[in-house]
Amino acid sequence: MGELKLMKGNEAIAEAAIRAGVDAYFGYPITPQSEVIEYLMAEKPYETTGMVVLQAESEVAAINMVYGAAGTGKKAMTSSSSPGISLKQEGISYMAGAELPCVIVNVVRGGPGLGTIQPSQADYFQAVKGGGHGDYHMIVLAPASVQEMADFVTKGFDLAFKYRTPVMILSDGLIGQMMEKVIMPEHTPRWTDEEIIEKWPWATTGKPGSRERNIITSLDLDSGRQEQHNIHLQKKYKEIHENEIEFEEFMCDDADYLFVAYGSSARIAQKAIKLGREKGIKAGLLRPITLYPFPAEAIHRLAKQVKGILSLELSAGQMVEDIRLSVGCDIKVEHFGRMGGIIHSPAEALQALEDKIIGG
Amino acid sequence: MKEEVLSDIINVENLVYKKTPLMTDNILSYCPGCGHGTAHRITMEVLEELGVWKDTIGIAPVGCSVLAYEFMNVDMQQAAHGRAPALATGIKRCWPHKVVFTYQGDGDLAAIGTAETIHACNRGENIVIIFVNNGIYGMTGGQMAPTTLPGMKSSTSPYGRDVHIMGNPLKITELVAELPGVRSVTRQAVHTPGNVRKAKRAIRKAFENQLKYKEGLNFVEIVSNCNSGWKMTPVHSNKWMEENMFPYFPLGDIKVDGEIVNK
């Protein structure tokens, strides 16, 4: 049995990391996610589980510390918020290229630039389309509750090591800062050094006489081999698409209209749907849990049932592009969302459905 | 020399030296005359002699030595430009009993990676940094580096480095020596047999410190030539290095056992 706690989303990430047997966290303060490193420093897991916690000199250094640790088969993670995640893109691209597993948490704030410190979902493109340079993707998980903030740490590392890929938990300032009940998982021991050496034969743990040296690199100056490497990566992304799509449906069975929303917007959409049903508007919600891979087939299926789709995002409309690519039929697909750190209310969301989809 | 005479000479009794198995058989990608090959070799010889190669993880930089992992026969990671000390931090913190070193050039360590260098040194990460300073960006074709000398020509300072416009060469080695987290700092060269022996002793000492003290960073600069980038013959480049680089970057120990010995 897990342990019931009342926590902020950011604290839940930190506590879950300790319990998940994470080996190392490298971070740098930035609002609205600083509670992650503050919680870890206060808990001192280096004295209990042996987890390393280090405040780096920059987000760039933090992600590269993750690279180093991940290259030795350790469970390493970092967290930041939008401007800091932009700085980490170099490291993320290198890790995707070198096929290193890690978990990166983005507690998104309004942008562009330094933007605001309030919640936003405007980093969707950056997270799901690549973000850094080169042909790569990372798996992107979108928690909609403090419980999922905790659960996705373990889930993220499972996926990261299964596919040798960076995994991003794409949260936002609302989920990061709000407090909810959360059932914390039991403690999982960290892998021993011997287990790591046995489990991950690619890891740079020191070269015994019995094997060739291991090299962690994203470089290959031979363009033929580099193309083969890219083909290998694309094959991996296809496998991820085939196996790892996750989503949740809410009141979709009889829905005439559909919200598609993730994270905090999904919570707002649920309330909007209840308000709508009081007025006789039958709307449902499809909540992508994985944003990459995107639940395109589920949207395609529901698009045949409903009269229109409203993408509800705390942005100018980013995921709406992927929804439009998914529907495959001639129904109305529109976007509604507040920007710059303003959170839309359920009433605003319902009004947008009425104006843009039902009446539009 | 006739073939039968050669075969008389090449035999076990006459063997006085052999390549360390910690250097692979891959053909070095460095220009003939460059000091990198020697710096690689003595680093690997030290790891062999100390018997720690099975527990060593090295970090290759971006620059001419980006392919160091092709030549060094130990587990290696290749870092983004300037980030090697951050990778080394991540590795060493997770595997404190392993031997961890970075091998970096001047552009990597003293320009784009300045923050990572300074802060790894300041935290006293228990690693060895081997810093090859040849005053130029060799791999990208001879651009001005943070350690390019005043007046020195490069493809991005074609009329010579004007310090009023481009700033002064950065003595980052003296800079890191000031940091309490750094145990030892030394500056060496590998262009003569005598210097090679001294440099190897210095590298050995740096790794011994890592093994013995479990804390503190050990920093070895090797002032080297770049005959291609400097547009000189190898012989001329070494002479030029002695006459121009060494006065600006004087050889010798700078910090020993946490004490600055040579300002």
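Everything discussed here concerns the structure shown above.
(A) How the structure looks around the overall build of chain A. Across its full length, chain A carries 13 helices and 15 strands. Computed over C-alpha atoms, the radius of gyration of chain A comes to 21 Å, within 12% of the 21 Å expected from 2.2 N^0.38 for 360 residues, which places it in the range of a compact globule. For chain A, buried positions account for 55% of its 360 residues. Contacts spanning at least 24 positions in sequence make up 78% of the contacts within chain A whose residues lie at least 6 apart.

(B) How the structure looks around helix α4 (residues 84-94) of chain B. With 11 of 11 residues buried, α4(B) is to be regarded as a mostly interior element. Within α4(B), the full set of buried residues consists of A84(B), P85(B), A86(B), L87(B), A88(B), T89(B), G90(B), I91(B), K92(B), R93(B) and C94(B).

(C) Seen up close, the interface of chain B and chain A. The interface is formed by 28 residues belonging to chain B together with 32 residues belonging to chain A. Among the elements of the structure, β1 (56-60), β2 (75-78), α4 and α6 (114-122) of chain B are those that each provide at least two residues to the side of chain B that touches chain A. Looking at the side of chain B that touches chain A element by element, the count peaks at eight residues for α4(B). Sheet analysis places strand β9 (residues 215-216) of chain A next to β2(B), joined by two bridges and oriented parallel.

(D) Examining the environment of G280(A) more closely. On the secondary structure map, G280(A) appears in the loop between α10 (263-278) and β12 (283-288). Considered as a pair, G280(A) and I104(A) are 176 residues apart in the sequence and their alpha carbons are 42 Å apart.

(E) Highlighting the environment of E321(A). Examined against the element boundaries, E321(A) turns out to sit in helix α12 (residues 319-327). Accessibility expressed as a C-beta count within 10 Å gives 15 for E321(A), which makes it partly exposed.

(F) Spatial organisation of the packing of helix α1 (residues 9-19) of chain A against helix α6 (residues 146-163) of chain A. Residue and element names in this part refer to chain A. Relative to each other, α1 and α6 sit at 30°, their axes nearing to 8 Å. As the angle between them shows, α1 and α6 are arranged roughly parallel. Read as a crossing pair, α1 and α6 show a hand that is right-handed. Here G9, A12, I13, E15, A16 and A17 of α1 lie close against α6, whose contacting residues are V146, M149, A150, V153 and T154. Residue composition of the contact of α1 with α6, by class: eight nonpolar, two polar and one charged.

(G) A look at the nonpolar core. Counting residues in each nonpolar core, the largest one holds 178 residues, and the members touching the most others are V66(A), V140(A), L258(A), F259(A) and I130(B). The biggest single contributor to this core is helix α3 (residues 59-70) of chain A, with nine residues. Looking at which domains feed residues into this core, each of domain 1 (3-194) and domain 2 (247-358) of chain A gives three or more. Aside from chain neighbours lying at most four places away, what touches L258(A) is C252(A), A283(A), G284(A), L286(A), L302(A), V306(A) and I309(A).

(H) Expanded view of the sheet that holds strand β4 (residues 128-133) of chain B. Strand order in this open sheet of nine strands is β9(A)-β2(B)-β1(B)-β3(B)-β4(B)-β8(B)-β7(B)-β9(B)-β10(B), and the pairing throughout is mixed. Two strands bound the open sheet, and with one partner strand each, they are β9 of chain A together with β10 (259-260) of chain B. Seen against the sheet, helix α2 (residues 36-50) of chain B touches β1, β4 and β8 (217-223) of chain B and runs at an angle of roughly 160° to β4(B).

(I) Examining unusual backbone geometry more closely. Geometrically, the link from T31(A) to P32(A) is a cis peptide bond, its omega value of 5° lying close to zero. Mapped onto the secondary structure, P32(A) falls in the loop between β2 (24-27) and α2 (35-43). Despite not being glycine, K214(B) shows a phi value in the positive range, around 65°. With respect to the secondary-structure elements, K214(B) resides in the loop between α9 (193-213) and β8. In this structure K214(B) comes out as exposed when scored by C-beta crowding, with 10 C-beta atoms within 10 Å. One non-glycine residue, D257(B), adopts positive backbone phi at about 50°.

Conventions adopted
Residues numbered from 1 in each chain as written. Chains lettered and ligands numbered in written order. Predicted model: local features only at pLDDT ≥ 70, side-chain atom pairs only at ≥ 80, totals over all residues. Helix = DSSP H or I, 4+ residues; strand = E, 2+ residues; numbered from the N terminus. Rg over C-alpha atoms; globule rule 2.2 N^0.38 Å. Buried ≥ 20, exposed ≤ 12 C-beta atoms within 10 Å, placed from the backbone. Contact = placed C-beta atoms within 7 Å. Pairing = 2+ DSSP bridges. Axes fitted to C-alpha atoms, helices over the stretch in contact; angles between N-to-C directions. Parallel < 35°, antiparallel > 145°, perpendicular 65-115°, else oblique. Left-handed = near helix turned anticlockwise from the far one by under 90°. Nonpolar A, V, L, I, M, F, W, Y, C, P; charged D, E, K, R; others polar. Core = buried A, V, L, I, M, F, W, Y, C linked by C-beta atoms within 7 Å. Domains from an automatic or database assignment.

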